[in-house]
Amino acid sequence: MTGNDELGRLAAPDLTPTGLAARGWDRASLRAYLATGTAVPAVASDEMLKVVNLSTTRLDGKDLGAIATYLTGDSPRPATTLAHPAVAAAASPAQDRYFALCAGCHGRGGHRPCAATAASAMRIRTT
C-alpha cells in the first residue's frame, strides 16, 4: 500500500495512514471523495472516477466510514494542511471552468482523450 510508479501511465499513491495524511487526507475527506468523487485534496479522474461512479457512490454511510477508518487506521494522524499553489489567472471564465471540471482527465492542454469523447466522435462519424 505504499504506492509505486510501475503502472505505466498511472501512479499508485501511497495509501498508508502516514502517506494519506501527508497529502491532506483525513476520514471526512476520504468519505466525501468516495461518496461523490470530490474532496478538498482531490477530484476523481481517469481510473478512479470509474471506481467512484460504478462502486463507491452506491455504498451507504456506514460502509464509507469503514473504508475511511481502514485507510486512516485506528489512530489517524492529523492531515497536513496543503498550501494552494500559485496559479496564473485563467484567461477566461470558460478556461477556468475547463481547468476545474475537465483538466483532471484531459490535461491542461486537452490532449488526453477519454472514452466519452471517443464514443461521441464515433457517433458523429457514423451519422
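Residues numbered from 1 in each chain as written. Predicted model: local features only at pLDDT ≥ 70, side-chain atom pairs only at ≥ 80, totals over all residues. Heavy atoms only, no water.

1. A few points about helix α2 (residues 27-36)
Going by this rule: Three exposure classes are used, based on accessible area relative to the maximum for each residue type with a 1.4 Å probe and protein chains only: buried under 20%, partly exposed in between, and exposed over 50%. Numbered from the N terminus, helices here are DSSP runs of H or I no shorter than four residues, and strands are runs of E no shorter than two. What the arc covers is the set of directions going from the helix axis to the C-beta atoms. Contacts: residue pairs with any heavy atoms within 4.5 Å of one another.
Along α2, the residues classified as buried are Ser29, Leu30, Tyr33 and Leu34. Mapping the buried residues of α2 onto a view down its axis gives an arc of 130°, with all of them on the same face. Set apart from the buried face of α2 by more than 90 degrees, the exposed residues are Ala28 and Thr36. Among the structural elements, α1 (17-22), β3 (38-39), β4 (42-43), α3 (46-54) and α4 (61-72) are those in contact with the buried residues of α2. Of the residues one or two after α2, glycine 37 is the one with positive phi, at around 90°.

2. Comments concerning the side chain of serine 29
Following the sequence through the fold, serine 29 ends up in helix α2. In this structure serine 29 comes out as buried when scored by relative accessible area, which is 11%.

Take it as geometry only, folks, not as evidence of what the structure does.
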